[in-house]
Amino acid sequence: MAERGFSPPTSEWFHPPPELVERARIADPEATSARAAADRLAFWEERAETLDWYRKWDNVLDDSEAPFYRWFTGAQTNITLNALDRHLHTARRNQVAFIWEGEPGDQQTFSYWQLSREVNRFANVLRGLGLQKGDRVTIYMGRIPEIVIAMLACAKIGAPHSVVYGGFSEQALADRIQDAQSRVLITQDGAWLRGKIVRLKETVDAALQQSPIVETVVVARRTGQDITMQAGRDYWWHELMASPQAGAEAATAVMDAEDPLFILYTSGTTGKPKGVLHTHGGYQVYTSTTLSWVFDLREEDRWWCAADPGWITGHSYIVYAPLILGATSFLYEGAPGYPAPDRYWRMIAEHGISILYTAPTAIRGLMRYGDDWVKRHDLSSLRLLGSVGEPINPEAWKWYHQVVGGGRCPIMDTWWQTETGGFMITPLPTVPLKPGSATRPFPGIEVDVVDDEGNSCPAGVDGKLVIQSPWPSMLRTVYGDPQRYIDQYWSEFAEQGWYLAGDSARKDEDGYIWVIGRIDDVLLVSGYRLGTAEIESGLVSHAAVAEAAVIGVPDELRGNRVQAYCILVAGAEGDEALVAELKLHVRREVGPIAVPAAIEFVETLPKTRSGKIMRRVLKAEAQGLPLGDLSTLED
Ligand code: PRX
């Protein structure tokens, strides 16, 4: 059932260069893991001690209402106390926090001091709009500095942000606004993508017809085309920031460690996306520890996490953790291969990037352009590489390692999820690597691969990936739906109290973990997580479609591509024009990333007697594989 896109595991080893081993922050990961395992809470407490708190905790972990775990209870903090405020009293205030490059080539740089002043101004703007601690704010923006400022300003005043990725459609945006009940929305006129304008404000206008709860829209100007501004509702960012109210000093809200920091929606097996909730205290401890150890981040580094701030990768490793560590990050707007196939490599050379963290789908896409585009740039500044989002196929791993990393940069293949907040299974720079394996759990993290009864699977046998004890940056609940939190993550191994990750995996004889793919009805397309249910309901909302089933089929470039099967209503004509129309319809309903690569019109769908669509049968057929056990098939 698992999505198996690529070659089987290899057992080739790659050893880290001695100079990296010598300077590594964690010289002996195994010893660190053993120490953490011996007293997990003491280990996390020690990590928490590296940060600032207004008040320290009474308890490191409160498990009295498990699986609603609470970390650092009694403590008071604010993630921006650590990400911004504490740097202002040190020499770091003049260090560069962000270097940003827009798609047309414009650049901006923010020192910690400057970033903090911008955040303060915007925090004052938000307070001026009547926002208080606990009020949710939806952010729908592209990769411009304002999205980072907006997120941090929300955190600063204690208003949980809900960032909706700019690639989502009006319907997806409306659903997420509705679920979070946000009264304020922050957006921009448009975003640059491959030389074109993505009209974000237009999408917002359409979404708000369905979500009248939004009272105020703040619009940052980026692309400059004419847009409609609704009087009394829509305000320009730059005008609000220029008002006397937007002073450069702002008090940081004192938050309980367990107060919500953000909601981030992610696709699940059924129904609408889940609002994954993260909090201030545990999240800051875990994300900063993992970034510091896995990428050995130093003051002199230029860190480039090439994700979008709209995804968990961007939340944790563009916005929060690098700032907590006082690092210098690079941020860019646009697409990897535009305006030229060597944009990535040119930016690395120009900005002296020392660590690149990106996704296999981006690597495969860039690989397609050929080695010459890479080789015309001096990439000697690179020290470490990273991968996230889906299993990396050995071919892409080797290209990344050899051609991009010149054979000297180890690849940190980090397995984690929106729900986990930070890296869970990952090498550290000193760990010998095998291409395609995320190696072992991070110190303090307990995982296993188990069968349906919860027995540990022997080496080489596929099973379910579980996390066996709580960790500080775990999701706290599904926003507004605690029962779903229990059902989705904690019910399958309720007796053991394990978290079900929803992935299948296998251990090898060295104890390395190989993540295979999702076991549920979630697709990873270009590293984006899509629920089959979301796409299916998008299709069915079209008047011509009576029923739909969606599967993922392996794709060289994207990992998986979406394939759809539709039963049409009587009288509808299943022709090419309808295929095109349905694609457009899904684009509008769900978003461009969800558009099926192929749509087939069928008379029936394989179902169980209880009426569940057997996607595995469709999948096997699509790939010309044996159909497997059909005993539960209805017809
Ligand atoms: O299936 C795993 C895959 O991405 C899923 C999580 O998706 P999302 O919540 O969108 O977060 C992505 C970025 C953290 C996982 O359940 N996945 C993520 N990283 C890897 C991976 N699969 C294999 N190897 C990885 N390194």
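Remember, it's a predicted structure, so these values are computed and weren't measured experimentally. (Residues numbered from 1 in each chain as written. Predicted model: local features only at pLDDT ≥ 70, side-chain atom pairs only at ≥ 80, totals over all residues. Heavy atoms only, no water.)

### Focus on the confidence of the model for the protein chain
Summing up the model confidence of the protein chain, the mean pLDDT is 94 and the portion of residues at 70 or higher is 97%. Residue range residues 1–8 is modelled with pLDDT below 50. Its contacts to residues more than four positions away, or to other chains, number 26 contacts. (pLDDT = per-residue confidence, 0-100. Contact = heavy atoms within 4.5 Å.)

### With respect to the site of the ligand
Contacts to the ligand come from 17 residues, most closely from Asp413, Thr414, Thr418, Arg518 and Arg529. Side-chain polar atom of Asp413 to a nitrogen atom of the ligand: 2.7 Å apart, as the coordinates give it. Contact with the protein chains hides 96% of the accessible area of the ligand, taken as 540 Å² for the molecule alone. Secondary structure elements with two or more residues in the shell around the ligand: helix H11 (312–324), strand S20 (411–414) and strand S24 (513–518). A class-by-class count of the residues in the shell around the ligand yields seven nonpolar, five polar and five charged. (Near = heavy atom within 4 Å. Polar contact = N/O pair within 3.5 Å; in protein donor to acceptor, adjacent residues only side chain to side chain. Areas by Shrake-Rupley, 256 points an atom, 1.4 Å probe, with all protein chains shown as cover. Helix = DSSP H or I, 4+ residues; strand = E, 2+ residues; numbered from the N terminus. Nonpolar A, V, L, I, M, F, W, Y, C, P; charged D, E, K, R; others polar.)

### A closer look at the sheet that holds strand S27 (residues 545–555)
Across the sheet, which stays open at both edges, the three strands sit in the order S27-S28-S29 with mixed pairing between neighbours. Strands at the two margins of the open sheet, each flanked by one partner only, are S27 and strand S29 (598–601). Each strand of the sheet is rotated relative to its neighbour by a mean of 25 degrees, with strand direction disregarded. Inspection of the sheet shows strand S28 (residues 559–568) paired to S29 by four bridges, in the parallel sense. Across the sheet, Ala564 pairs through a bridge with Ile599, a residue of S29. Across the sheet, helix H17 (residues 532–540) touches S27 and S28, and the angle it forms with S27 is around 140 degrees. (Pairing = 2+ DSSP bridges. Axes fitted to C-alpha atoms, helices over the stretch in contact; angles between N-to-C directions.)

### Comments concerning the pairing of strand S8 (residues 184–188)
Summarising burial for S8: five of the five residues are buried, a large majority. Burial along S8 is two-sided: the face carrying Val184, Ile186 and Gln188 and the face carrying Leu185 and Thr187 are both buried. Of the strand pairs in this sheet, strand S6 (residues 137–140) and S8 are connected by four bridges, and their pairing is parallel. Residue Ile139 lies in a different strand from S8, and its bridge partner there is Ile186. (Buried < 20%, exposed > 50% of the residue type's maximum accessible area, 1.4 Å probe, protein only.)

### A word on the environment of Gly552
Within the secondary structure layout, Gly552 lies in strand S27. Sequence separation between Gly552 and Arg615 is 63 residues, and the spatial gap between their C-alpha atoms is 9.2 Å. With sequence-adjacent residues up to four places away left out, Gly552 is seen in contact with Leu523, Asn560, Arg561 and Lys619.

### Some thoughts on empty space enclosed by the protein
In total, this model carries two cavities of 30 Å³ or more according to the counting rule given. In this model, the largest cavity occupies a volume close to 50 Å³. Lining the largest cavity are Val163, Val164, Tyr165, Phe168, Arg176, Leu264, Tyr265, Gly310 and Trp311. Counted as a void, the second largest cavity has a volume near 40 Å³. The wall of the second largest cavity is formed by Phe98, Trp100, Phe110, Leu115, Pro145, Val148, Ile149 and Leu331. Counting residues per element, the ones that place at least two in the lining of the second largest cavity are strand S4 (96–101) and helix H6 (145–157). At three residues, the largest contribution of residues to the lining of the second largest cavity is made by H6. (1 Å grid on protein atoms, 1.4 Å probe; cavity = no way out; pocket = protein on both sides within 12 Å on 5 of 7 lines; lining within 4 Å. Points joined across faces, edges and corners; volume = space filled by probe spheres on them.)

### Brief notes about the packing of helix H10 (residues 280–294) against H11
One can describe the packing of H10 onto H11 by two numbers: an axis separation of 9 Å at closest approach and a directional angle of 90 degrees. The angle between the axes of H10 and H11 places the two elements in the roughly perpendicular class. Residue-level contacts link Tyr283, Gln284, Thr287, Ser288, Thr290 and Leu291 of H10 to His315, Ser316, Tyr317, Tyr320, Ala321, Pro322 and Ile324 of H11. Residues of the contact of H10 with H11, tallied by class, amount to seven nonpolar, six polar and no charged. (Parallel < 35°, antiparallel > 145°, perpendicular 65-115°, else oblique.)

### A short note on the side chain of Thr290
With respect to the helices and strands, the residue Thr290 is situated in helix H10. Judged by its relative accessible area of 0%, Thr290 is buried. Within the structure, the side chain of Thr290 is placed 2.8 Å from the backbone oxygen of Tyr286, a separation counted as a polar contact.

### Some remarks on the nonpolar core
Grouped together as the largest cluster of nonpolar side chains are 115 residues, with contacts concentrated most on Phe72, Leu115, Phe122, Ile139, Ile186 and Phe295. Considering every element that reaches this core, the biggest residue donor is H6, with 10 residues. Excluding its chain neighbours within four sequence positions, the residues that come into contact with Phe122 are Ile149, Ala150, Ala153, Ile186, Val218, Trp237 and Met241. Core analysis: the second largest hydrophobic core is formed by 40 residues, Phe168, Leu173, Leu568 and Ile599 among them. (Core = buried A, V, L, I, M, F, W, Y, C linked by side-chain atoms within 4.5 Å.)

### Here's the deal with the sheet that holds strand S21 (residues 447–450)
Pairing is antiparallel across the open sheet formed by four strands, whose spatial order is S21-S22-S23-S24. The sheet terminates laterally at S21 and S24, the two strands that pair on one side only. When strand polarity is set aside, the average angle formed by the axes of neighbouring strands in this sheet is 45 degrees. As paired elements, S21 and strand S22 (residues 463–467) share four bridges and run antiparallel to each other. Considered in S22, the bridge of Asp448 is made with Val466.

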